[in-house]
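Residue-level structural notes
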Amino acid sequence: MTSKRVSRHSKGHRPIGVFDSGLGGLTVVREIRRRLPHETIVYYGDVARLPYGTKSPEQILRFSIQNTLFLLKHKVKALVIACNSSTSAAANFLRRHFNVPIVDVVQPAAEVACRSTRSGRIGVIATSATIGSRVYEKALKKRNPKVKVFGEACPLFVPLVEEGWLEGKITHDVLDAYLRKLKKKKIDVLILGCTHYPLLKKSIQKVMGSRVRLVDSMAPTVQQLAQLFDRRDLHAAKKQKGLLKIYVSDKPGNFVKVGESFLGEKMNFVEVVRQK
Ligand code: DGL
């Protein structure tokens, strides 16, 4: 990652906009904070309407457009769709209709998975919306038409994470029930195709065994973002202190505790904004 000097007319000082259906996207924010500490981030988590992953593509598209419009009001210099369900239902539309560079979470993870597999047998776990859209299958086959892709929707994983049930017997049993079929497919790479799932990584690895490499989108997404900033001269100046502003459509009781576990730091700015 190189950081060029910021020119006078650069938009570098502007924030990065990031959205997700809820808190999952904070795993991506965590990585942005680590790798690009001078960047200010405006995050929108649509907690009131979570989960997206069980909803229709039309509904997810409608929510994703609203989230984008909200972030554009903050004059963001780039948009990160930190939600696989939104990426599958809305990324193409948002790229066509909004004049802002967009990074999604599917393409970067597909790229890493294709590079990592030896056997060419890749598993994908995600929400029902993401699996139903076959977005990963298309992204993987575009890079390597020979790969075999095995998808499994795991709708109970998101509520487990939102409840903070990341380990223990019940979590293990739920994971095992969903992953049982995939374990028989002889995959060597498993894509965690939901931004909530990195929090379950340890437990998923235990169930899948150490021979399966788990790929999530956090690091490769931020890498793509940094490359975009390199190309377009969009990096924040080194003297800028990166702030994090979190907007949510609802703030349930356990919000701060769970949110901070996603983020790995204190949340100092949280504001509730209701969408119509
Ligand atoms: N974080 C969302 C994703 O990456 C899933 C959560 C949801 O179902 O809303 O797909």
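Residues numbered from 1 in each chain as written. Predicted model: local features only at pLDDT ≥ 70, side-chain atom pairs only at ≥ 80, totals over all residues. Heavy atoms only, no water.

Bringing the environment of valine 149 into the picture now. With respect to the secondary-structure elements, valine 149 resides in strand 6 (residues 148–153). In contact with valine 149, other than residues within four places in its own chain, are Ile122, Val124, Glu137 and Leu140. (Helix = DSSP H or I, 4+ residues; strand = E, 2+ residues; numbered from the N terminus. Contact = heavy atoms within 4.5 Å.)

Turning to the site of the ligand, a few remarks are in order. Around the ligand lies a shell of 14 residues, among which Ser21, Tyr52, Asn84, Ser85 and Thr195 are the nearest. Within the side chain of aspartate 20, an N or O atom sits 3.1 Å from a nitrogen atom of the ligand. Between the ligand and histidine 196, the relevant distance is 3.1 Å, taken from a nitrogen atom to a side-chain nitrogen or oxygen of the residue. Protein chains shield 99% of the accessible area of the ligand, which is 300 Å² for the free molecule. Taken together, the residues of the shell around the ligand sort by class into 6 nonpolar, 7 polar and 1 charged. (Near = heavy atom within 4 Å. Polar contact = N/O pair within 3.5 Å; in protein donor to acceptor, adjacent residues only side chain to side chain. Areas by Shrake-Rupley, 256 points an atom, 1.4 Å probe, with all protein chains shown as cover. Nonpolar A, V, L, I, M, F, W, Y, C, P; charged D, E, K, R; others polar.)

With that settled, consider helix 6 (residues 135–143). Within an α-helix, residues lying three or four positions from one another point in the same direction, as the helix has 3.6 residues per turn. Every buried residue belonging to helix 6 is among Val135, Tyr136, Ala139 and Leu140, and all of these are buried. For helix 6, the buried positions fall inside an angular range of 125 degrees around the axis, keeping them on one side. In helix 6, the exposed positions that point more than 90 degrees away from the buried face belong to Lys138 and Lys142. Buried residues along helix 6 sit in contact with helix 3 (84–97), helix 4 (106–116), strand 5 (121–126), helix 5 (128–133), strand 6 and strand 7 (189–192). (Buried < 20%, exposed > 50% of the residue type's maximum accessible area, 1.4 Å probe, protein only. Arc of directions from axis to C-beta.)

Our next topic: the confidence of the model for the protein. With 96% of its residues at a pLDDT of 70 or more, the protein shows a mean pLDDT of 94. A low-confidence stretch, residues 1–8 (pLDDT under 50), is modelled with 15 contacts involving residues beyond four sequence positions or located in other chains. (pLDDT = per-residue confidence, 0-100.)

Further remarks concern the packing of helix 2 (residues 57–72) against helix 3. Close contact between helix 2 and helix 3 brings their axes to 8 Å; oriented N to C, the two are set at 65 degrees. Once helix 2 is placed against helix 3, the crossing between them reads as right-handed. The residues of helix 3 that touch helix 2, namely those facing Pro57, Ile60, Leu61, Ser64, Ile65 and Thr68, are Ser85, Ser86, Ala89, Ala90, Phe93 and Leu94. In the contact of helix 2 with helix 3, the residues fall into 8 nonpolar, 4 polar and no charged. (Axes fitted to C-alpha atoms, helices over the stretch in contact; angles between N-to-C directions. Left-handed = near helix turned anticlockwise from the far one by under 90°.)

The buried count for strand 2 (residues 41–45) comes to 5 of 5 residues, which makes it a mostly enclosed element. Across the two faces of strand 2 the burial is the same, with Ile41, Tyr43 and Gly45 and Val42 and Tyr44 all buried. Note that strand 1 (residues 16–20) and strand 2 share 5 bridges and pair parallel. Its bridge partner lying in strand 2, valine 18 is registered against tyrosine 43. As for the winding sense of the linkage, the β-α-β connection from strand 1 through helix 1 (residues 26–35) to strand 2 is right-handed. (Pairing = 2+ DSSP bridges. Right-handed = clockwise from strand over helix to strand, strands pointing away.)

For the rest of this paragraph, the subject is the nonpolar core. With 54 residues, the main nonpolar core has Ile125, Phe157, Ile204 and Leu225 as its most contacted residues. Val106, Val147, Ile191 and Val215 belong to the second-largest nonpolar core, a separate cluster that totals 17 residues. (Core = buried A, V, L, I, M, F, W, Y, C linked by side-chain atoms within 4.5 Å.)

Right, let's get into the sheet that holds strand 2. With respect to topology, 6 strands assemble into an open sheet ordered 4-3-1-2-9-10, the strand pairing being parallel. Every interior strand has two partners, whereas the edge strands, strand 4 (102–104) and strand 10 (270–272), have only one. For this sheet, the mean inter-axis angle between neighbouring strands, taken without regard to orientation, is 20 degrees. Against the sheet, helix 2 touches strand 1, strand 2, strand 3 (78–81) and strand 9 (244–248), its axis set at about 155 degrees to strand 1. Strand contacts of helix 3: strand 1, strand 3 and strand 4, with the helix running at about 160 degrees to strand 4, the strand carrying the most contacts.

Summed over all chains, the structure comprises 16 salt bridges. Residues lysine 201 and aspartate 216 are paired through a salt bridge, measuring 2.9 Å at the closest nitrogen-oxygen approach. Within this pair, whereas lysine 201 is found in helix 9 (residues 201–208), its partner aspartate 216 is found in the loop between strand 8 (213–215) and helix 10 (218–232), the two being separated by 15 residues in sequence. Look at lysine 201 and you get partly exposed, because its relative accessible area is 31%. Each of Glu31, Arg34 and Arg35 takes part in one network of salt bridges that share partners. (Salt bridge = Lys/Arg side-chain N within 4 Å of Asp/Glu carboxyl O.)

Going through the model one piece at a time under the given rule, you end up with 6 aromatic pairs. Geometrically, the ring pair formed by phenylalanine 70 and tyrosine 247 is edge-to-face, given 5.2 Å between the ring centres and 70 degrees between the ring planes. Taken as a pair, phenylalanine 70 in helix 2 and tyrosine 247 in strand 9 lie far apart in primary sequence, 177 residues in all. Of the two residues, phenylalanine 70 and tyrosine 247, both sit in the buried class. When the ring centre of phenylalanine 229 is taken as origin, the NZ or CZ atom of lysine 77, which lies over that ring, is 4.6 Å away. The ring of phenylalanine 269 is capped by lysine 245, whose NZ or CZ atom sits 5.8 Å from the centre of that ring. (Phe/Tyr/Trp six-rings, centres within 6.5 Å; stacked < 30°, edge-to-face > 60°. Lys NZ or Arg CZ within 6 Å of the ring centre and 35° of its normal.)

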